[in-house]
Amino acid sequence: MTTTEYTVKGMTCGHCVSAVTTEVGAIDGVTDVKVDLASGVVTVASAAPLDEKAVRDAVDEAGYEVVPS
């Protein structure tokens, strides 16, 4: 099990949380997605390490942007 945190820019409401959770949750191997709206932190649990580009693309598809760490 791998857990990775990403900071996402632009989320402001429950709809934002839902959109990011749905898109990131659709990535193969993802087992859980938790979004903290206040901090913008998205925690992704997966069976194996994920391709960071896949996560960035999913967040982009939801209409938001992963902030470089």
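Look above for the structure.
Cut-offs used in this document
Residues numbered from 1 in each chain as written. Predicted model: local features only at pLDDT ≥ 70, side-chain atom pairs only at ≥ 80, totals over all residues. Heavy atoms only, no water. Axes fitted to C-alpha atoms, helices over the stretch in contact; angles between N-to-C directions. Helix = DSSP H or I, 4+ residues; strand = E, 2+ residues; numbered from the N terminus. Parallel < 35°, antiparallel > 145°, perpendicular 65-115°, else oblique. Left-handed = near helix turned anticlockwise from the far one by under 90°. Contact = heavy atoms within 4.5 Å. Nonpolar A, V, L, I, M, F, W, Y, C, P; charged D, E, K, R; others polar. Buried < 20%, exposed > 50% of the residue type's maximum accessible area, 1.4 Å probe, protein only. Arc of directions from axis to C-beta. Pairing = 2+ DSSP bridges. Expected span 1.5 Å × (residues − 1).

Attention now goes to the packing of helix 1 (residues 14–25) against helix 2 (residues 52–62). One way to put it is that helix 1 packs onto helix 2 with a least axis distance of 8 Å and a crossing angle of 140°. Judged by the inter-axis angle, helix 1 sits oblique to helix 2. Helix-helix and strand crossings are classified by hand; for helix 1 and helix 2 the assignment is right-handed. Contacts from Ala19, Val20, Glu23 and Val24 in helix 1 reach Ala58, Val59, Glu61 and Ala62 in helix 2. By residue class, the composition of the contact of helix 1 with helix 2 is 6 nonpolar, no polar and 2 charged.

Taken together, the buried positions of helix 2 are Val55, Ala58, Val59 and Ala62. Summarising the axial view, the buried residues of helix 2 lie within an arc of 95°, below the 170-degree limit, and thus occupy one face. Exposed residues pointing more than 90 degrees away from the buried face of helix 2 are listed as Lys53, Asp60 and Glu61. A positive backbone phi angle near 105° is found at Gly63, which sits one or two residues after helix 2.

We now examine the pairing of strand 3 (residues 41–46). The buried count for strand 3 comes to 5 of 6 residues, which makes it a mostly enclosed element. The sheet contact formed by strand 1 (residues 2–9) and strand 3 spans 6 bridges and is antiparallel. The residue bridging Glu5 from the neighbouring strand is Thr43, located in strand 3. In this sheet, strand 3 lies alongside strand 2 (residues 30–36) in antiparallel orientation, the contact comprising 6 bridges. Its bridge partner being in strand 3, Lys34 is matched across the sheet by Thr43. Linking strand 2 to strand 3, which pair antiparallel, is a turn of 4 residues; within it Gly40 sits at a positive phi near 80°.

Here we take up helix 1. Here helix 1 spans 16 Å end to end across 12 residues, near enough to the 16 Å set by a 1.5 Å rise per residue. Within the sequence span of helix 1, burial applies to Cys16, Val17, Ala19, Val20 and Val24. For helix 1, the buried positions fall inside an angular range of 165° around the axis, keeping them on one side. Exposed residues pointing more than 90 degrees away from the buried face of helix 1 are listed as Gly14, His15 and Thr22. Where helix 1 is buried, its residues touch strand 2, strand 3 and helix 2.

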